[in-house]
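# Remarks on the overall topology
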Amino acid sequence: MEIGMRIVMLGHTGVGKTTYVASLYGVMQQSIEGFRLKAVKPEDHKRWVEMAEGIQQGEYPMATDQRQEYNFYLRYEGRNILEFTWADYRGGAIRETQDTEQAKALLQDLKAADGIMLFCDCNALASGDIRSNQIGRMTALASQALLELDRPVSLAIILTKTDLIENFSAELLNSLNGLIMAINASEFVLGALIPIVCGTKLRNVSMPLLFALHTTVVFQAATSYAAAESYSDRAKSYETLSKGLTGAVDWIVS
């Protein structure tokens, strides 16, 4: 049985969101412990493969200028086991006021997401260019969405272009402290900092997706277990009730 999942990506223009998805797709054309990634539409498969091959040659895709949705299957041993949608917002969406249609759609997507990926340009952080990452605005949007959560969600802070940093230190991440505190304050959010490299050399590319999948699968398992416990308790109550009844009454609980 396939279960659905929704991932929302957010980050400033040029941070590398589309490059990441294409790189991930290329990596996961090879089996990883039996798992592969497949685009729902054949024409999208061709486009992602060509884009991934271009990135390996140093040819990077154009920045996203509007909201895009990508649909994928996660496959295991040749069988589709999970279908998920990836919503990619253009960088300008972060700066829009809350009353615009794009901003409203973004907030709704964040509230409905199973996984949220916030992309930060680590090279910009290292050079002191904090404003280009729009970290304050991303923190505000994420915090607003997290306030209304009633189910688990993963939130990954993805650090791109880490290969351009000569001396990586914890101080580089000081501007992310507010966002990290917002994650820690929520009982429903599982957070992670994940440095990646996309380009002619790849590093940790599959980790953000695996992190998001982990949270969703664990939640699905917990939900199924809770439902099974509920049915078990109901069956016991029916059994008790049936013993107290006269006449031929059979209780069947599935």
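All right, on to the overall build of the protein then. Scanning the protein for helices and strands turns up seven helices and seven strands. In sequence order, the protein lays out its α and β elements as β-α-β-α-β-β-α-β-α-α-β-α-β-α. When each of the 254 residues of the protein is scored for burial, the buried share is 42%.

A packed helix pair is summarised by two numbers, namely the angle formed by the two axes and the spacing between the axes. Between helix α5 (residues 135–146) and helix α6 (residues 177–185), the least distance of the axes is 10 Å, while the angle of their chain directions is 10°. The angle between α5 and α6 falls in the class roughly parallel. Mapping the contact onto sequence places T139, A142, S143 and L146 in α5 and G178, L179 and A182 in α6. Of the residues assigned to the contact of α5 with α6, the class counts are four nonpolar, three polar and no charged.

Bringing unusual backbone geometry into the picture now. Look at K161: it is not a glycine, yet its phi comes out positive at around 60°. Tracing the chain through its elements places K161 in the loop between β6 (153–160) and α6.

Helix length check: helix α3 (residues 101–112) (12 residues) gives 16 Å between terminal C-alpha atoms against 16 Å at 1.5 Å per residue, within 8%. Buried residues of α3: Q102, A103, L106, L107, D109 and L110, and no others. Taken down its axis, α3 places every buried residue within 160° of arc, on the same side.

A few words on the packing of α3 against α5. The contact between α3 and α5 brings their axes to 9 Å, and the two run at 55°. Taken as axis vectors, α3 and α5 run oblique relative to one another. You can see that α3 and α5 cross each other, and the crossing is right-handed. Only L141, Q144 and A145 of α5 make contact with α3, whose side of the interface consists of L106, L107, L110 and K111. Class assignment for the residues of the contact of α3 with α5 results in five nonpolar, one polar and one charged.

Turning to the confidence of the model for the protein, a few remarks are in order. Scored by pLDDT, the protein comes out at a mean of 78, with 80% of its residues at no less than 70. In the model of the protein, helix α7 (residues 207–243) stands out as the element of lowest mean pLDDT, 61, in contrast to helix α2 (residues 42–56), which has the highest, 94. Segment residues 237–254: pLDDT under 50, and eight contacts once partners within four positions in sequence are set aside and those in other chains are kept.

Reading the values: the criteria
Residues numbered from 1 in each chain as written. Predicted model: local features only at pLDDT ≥ 70, side-chain atom pairs only at ≥ 80, totals over all residues. Heavy atoms only, no water. Helix = DSSP H or I, 4+ residues; strand = E, 2+ residues; numbered from the N terminus. Buried < 20%, exposed > 50% of the residue type's maximum accessible area, 1.4 Å probe, protein only. Axes fitted to C-alpha atoms, helices over the stretch in contact; angles between N-to-C directions. Parallel < 35°, antiparallel > 145°, perpendicular 65-115°, else oblique. Contact = heavy atoms within 4.5 Å. Nonpolar A, V, L, I, M, F, W, Y, C, P; charged D, E, K, R; others polar. Expected span 1.5 Å × (residues − 1). Arc of directions from axis to C-beta. Left-handed = near helix turned anticlockwise from the far one by under 90°. pLDDT = per-residue confidence, 0-100.

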